[in-house]
Amino acid sequence: MDNETKERLGEIRDALKKYGFDKLLGQTAKSKITPGDDSEDLRELLLDDQIPINLRLMLQDLGTTFIKLGQLLSTRPDVVGDRIASELANLQDDNPAISYGQVKAIVERELNGKIEDLFEDFSQQHLATASIGQVHEAKLITGERVAVKIQKEGITDKIDLDIRIMKYIATRADKWNADLRKINLPGIMDEFDRSIHKEIDYNNEFMNMQRIESNFELNEYIHIPITYPRYCTSKVLTMEFIEGANLNDVYASTGDEFDKKLLAKNVLDSYLQQLFIDGFFHGDPHPGNVKIMENNVVCYLDEGMMGFFDEKFKRDLSEVMVLFVDQDVDGLINQLMYMDILDYDIDTNSLRRDLNDLFGRYFGVQLNRFDGVLEALLSLMQDYGVILPNEVVTMARGLSMIEAIAHNLDPEIDVFASIKPIAAQIAKQRVNPRQILKGKKSNAILYSHMLQSLPKLLTRTIHKIENDELQFHLEVDITDKVSIVALISALIIGSSVVSFGPMVFDMPLISLIGYIIAIILSIIGMKKFVLK
């Protein structure tokens with residue numbers, strides 16, 4: 001361990017002790033994380049009203065990386081609980097601005113030229129500053145007015161060092177503390193590592209802006225700032241300077257300058273397109289990241305944090321939304337199990353009652369907006385120990401923000417009426433012949449791999465049966481000759497009458513699987529009743 005790491009680890013250890021988190025991690029007098037029998041004390045400590053506040057203060061003291069971690073955790077109430085998530089939302093991502101001399105040196109190094117040759121004008125005063133970078137207004141030689149985001153010097157090395165230490169602490173805590181093990185600290189750190197390295201690579205935000213701009217190129221009411229590739233690197237991002245009204249000013253306006261109903265519809269429809277059509281969506285659409293330009297054009301800013309759904313997950317999520325809006329509790333539980341979000345051994349009776357209570361509470365009267373129901377659903381999942389995929393939480397958080405913006409613009413807007421048709425349309429694609437044919441090539445590869453593995457699988461299975469290494473847990477008594485013969489017969493007859501599904505060797509794949517199981521059971525029967 002080098003001196004820099006030792007020094008930083010000492011700073012973190014001191015901060016943990018200062019705010020009382022050395023006990024939470026289970027530290028002994030020797031400052032090592034060790035197992036103990038104080039789980040009740042730890043639970044009492046976690047219930048302390050001061051814990052969320054102390055956590056926020058500690059993260060603020062420890063600087064950029066820890067502030068960013070806190071901001072990530074503030075979006076995961078399903079992991080850290082509502083109290084901590086709410087408190088961490090108050091973290092301030094600010095830092096002293098770097099000098100113009102430092103900015104000039106970074107820009108000239110990154111863009112490989114003198115700043116006066118690259119820009120007609122470059123303001124020495126920053127427009128905004130944060131822990132990772134700061135923004136300056138400038139004018140290109142070709143005349144375009146731009147905003148230039150510059151990453152502060154040395155920030156990447158500091159973040160890398162902190163993440164190495166965070167992972168070390170998370171691994172030790174997860175190993176020795178049963179209470180912390182439940183929230184999977186190493187998994188959280190892996191997620192955070194990916195997230196923050198995307199944020200500090202401005203090439204990632206540049207590509208995000210290009211992609212979302214392409215998705216809305218035919219929509220005259222949605223705008224994404226134009227980017228200038230010649231002036232963009234991993235540490236410098238140059239984009240169109242956006243002049244527009246802040247949402248708070250639009251909310252307060254009383255004249256006819258803004259068509260608020262049109263704006264509400266465009267904000268909501270554009271986000272639903274991102275979620276259910278494009279599968280590529282803004283991860284942090286708070287009011288500060290939305291500007292209103294002339295002619296009621298909505299402009300999305302800060303595309304550093306984006307979410308992504310693949311085609312399958314997009315269809316699965318669409319089905320969840322349809323079932324959710326329809327208040328189909330049984331269908332919702334089955335769908336979440338199909339998506340591997342809920343375990344099959346979960347107490348479905350209890351969950352069904354809680355979901356019915358939730359729907360009764362929020363849908364007991366005519367409702368046209370979420371109004372807290374998504375947060376309540378996330379909290380319910382937390383009660384059942386369900387750790388939701390990060391993209392789902394990001395989507396729920398983003399949709400809640402957009403819904404609030406739309407409702408502030410137009411209190412009468414019906415969010416559910418907008419969601420259900422588009423979600424139902426995507427969900428129907430699961431049974432669309434074109435979509436099925438689209439996946440035919442990948443299915444053929446999968447079936448080919450299965451067939452190639454089949455002889456080896458059968459050989460291994462028979463070998464295990466012969467050596468009494470294979471156990472079957474069946475609801476029938478296979479010690480009875482009649483039972484096993486009936487089971488084999490049912491499998492053969494059932495497999496013979498199946499006429500649907502993908503074909504393998506001119507027979508349905510389901511039939512082939514049924515015949516294989518029948519063969520295995522026949523071998524078991526022969527070994528048990530004939531050869532013994």
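To start, this report covers the structure provided alongside it. Here the structure is a predicted model, which means the values were calculated and not measured.

## Thoughts on the overall build of the protein chain
Here comes step 1: A count of helical and extended segments in the protein chain gives 25 helices and twelve strands.
Here comes step 2: For the protein chain, the proportion of its 532 residues judged to be buried stands at 46%.
Here comes step 3: Look at the contacts in the protein chain between residues 6 or more apart in sequence, and 66% of them connect residues 24 or more apart.
Here comes step 4: Accessible area for the protein chain stands at about 28,500 Å²; split by element, carbon and sulfur atoms hold 53% of it.

## Points about the nonpolar core
Here comes step 1: Membership of the largest hydrophobic core comes to 113 residues, with the highest contact counts inside it found for Met58, Tyr300, Leu342 and Leu399.
Here comes step 2: Ignoring sequence-local partners within four residues, the contact set of Leu342 consists of Ile333, Leu336, Met337, Leu351, Met381 and Val386.

## Quick look at the pattern of salt bridges
Here comes step 1: Summed over all chains, the structure comprises 21 salt bridges.
Here comes step 2: Here Lys261 makes a salt bridge to Glu412, at a shortest N to O gap of 3.6 Å. Here Glu412 lies in the loop between helix H20 (390–409) and helix H21 (415–428) and Lys261 lies in helix H15 (residues 260–278), a separation of 151 residues in the sequence.
Here comes step 3: Judged by relative accessible area, Glu412 falls into the exposed class, the value being 63%.
Here comes step 4: Here the salt bridges share partners, and the residues they tie into one network are Arg8, Glu11 and Asp162.

## Some points on the environment of Ala97
Here comes step 1: Mapped onto the secondary structure, Ala97 falls in the loop between helix H7 (82–88) and helix H8 (100–111).
Here comes step 2: Take Ala97: its relative accessible area is 36%, and that puts it in the partly exposed class.
Here comes step 3: Residues Ala97 and Gly133, spaced 36 residues apart in sequence, show a C-alpha to C-alpha distance of 8.5 Å.
Here comes step 4: If sequence neighbours within four positions are ignored, Ala97 has contacts with His126, Thr129 and Gln134.

## A look at empty space enclosed by the protein
Here comes step 1: Under the counting rule described, the total for this entry stands at one cavity of 30 Å³ or more.
Here comes step 2: The calculated volume of the largest cavity comes to roughly 230 Å³.
Here comes step 3: Around the largest cavity, the lining comprises 16 residues; the ones closest to its centre are Val320, Leu336, Leu377, Val392 and Met395.
Here comes step 4: Counted by class, the lining of the largest cavity contains 16 nonpolar, no polar and no charged residues.

## Observations regarding the packing of aromatic side chains
Here comes step 1: What the rule picks out here adds up to seven aromatic pairs.
Here comes step 2: Seen in terms of ring centroids, Tyr100 and Phe122 are 6.2 Å apart; in terms of plane orientation they differ by 50 degrees. Their pairing is tilted. With Tyr100 in helix H8 and Phe122 in strand E1 (residues 119–129), this pair connects stretches of sequence that are 22 residues apart. The exposure classification of Tyr100 matches that of Phe122, with both residues buried.
Here comes step 3: An aromatic cluster of three or more residues is present, and its members are Tyr100, Phe119, Phe122 and Tyr231.
Here comes step 4: Sitting over the ring of Phe280, Arg211 keeps its end group 4.1 Å from the ring centre.

## Observations concerning the sheet that holds strand E6 (residues 245–246)
Through backbone hydrogen bonds, the strands of a sheet pair up, either in parallel or in antiparallel fashion.
Here comes step 1: The strand order across the open sheet built from four strands is E4-E9-E8-E6, with neighbouring strands paired in mixed fashion. Unpaired on one side and paired on the other, strand E4 (222–223) and E6 mark the two borders of the sheet.
Here comes step 2: Two elements, E4 and strand E9 (residues 297–300), share two bridges in a ladder whose sense is parallel. Looking at E9, one finds that His223 is bridged to Cys299.
Here comes step 3: Here H15 sits on the sheet and contacts E4, strand E8 (290–293) and E9; the angle it forms with E9, its principal contact strand, is near 45 degrees.

## A look at the sheet that holds strand E3 (residues 145–151)
Here comes step 1: As summarised here, the arrangement of the four strands in space is E1-E2-E3-E5, forming an open sheet in which the pairing is antiparallel. The sheet is open, and its two borders are formed by E1 and strand E5 (236–240), each paired with just one other strand. On average, each strand axis in the sheet is tilted by 25 degrees relative to the strand beside it, whichever way the strands run.
Here comes step 2: As paired strands, E3 and E5 are joined by five bridges and run antiparallel to one another. Bridged to Val148 within E5 is Thr238.
Here comes step 3: The strands touched by H8 are E1, strand E2 (133–140), E3 and E5; relative to E1, the strand with the most contacts, the crossing angle is about 125 degrees.

## Topic: the pairing of E2
Every other side chain in a regular strand lies on the same face of the sheet, so the side chains alternate between the two faces.
Here comes step 1: Where E1 and E2 come together, six bridges link them in antiparallel fashion. Bridge pairing in E2 places Ala128 opposite Val135.
Here comes step 2: Linking E1 back to E2 in an antiparallel pair, the connection comprises three residues.
Here comes step 3: In this structure, E2 lies alongside E3, joined through seven bridges in antiparallel fashion. Following the sheet pairing, Val135 is matched in E3 by Lys149.
Here comes step 4: Counting the residues in the hairpin turn of E2 and E3 gives four residues, including Gly143, whose phi is positive at 105 degrees.

Criteria and cut-off values
- Residues numbered from 1 in each chain as written.
- Predicted model: local features only at pLDDT ≥ 70, side-chain atom pairs only at ≥ 80, totals over all residues.
- Heavy atoms only, no water.
- Helix = DSSP H or I, 4+ residues; strand = E, 2+ residues; numbered from the N terminus.
- Buried < 20%, exposed > 50% of the residue type's maximum accessible area, 1.4 Å probe, protein only.
- Contact = heavy atoms within 4.5 Å.
- Areas by Shrake-Rupley, 256 points an atom, 1.4 Å probe, with all protein chains shown as cover.
- Core = buried A, V, L, I, M, F, W, Y, C linked by side-chain atoms within 4.5 Å.
- Salt bridge = Lys/Arg side-chain N within 4 Å of Asp/Glu carboxyl O.
- 1 Å grid on protein atoms, 1.4 Å probe; cavity = no way out; pocket = protein on both sides within 12 Å on 5 of 7 lines; lining within 4 Å.
- Points joined across faces, edges and corners; volume = space filled by probe spheres on them.
- Nonpolar A, V, L, I, M, F, W, Y, C, P; charged D, E, K, R; others polar.
- Phe/Tyr/Trp six-rings, centres within 6.5 Å; stacked < 30°, edge-to-face > 60°.
- Lys NZ or Arg CZ within 6 Å of the ring centre and 35° of its normal.
- Pairing = 2+ DSSP bridges.
- Axes fitted to C-alpha atoms, helices over the stretch in contact; angles between N-to-C directions.

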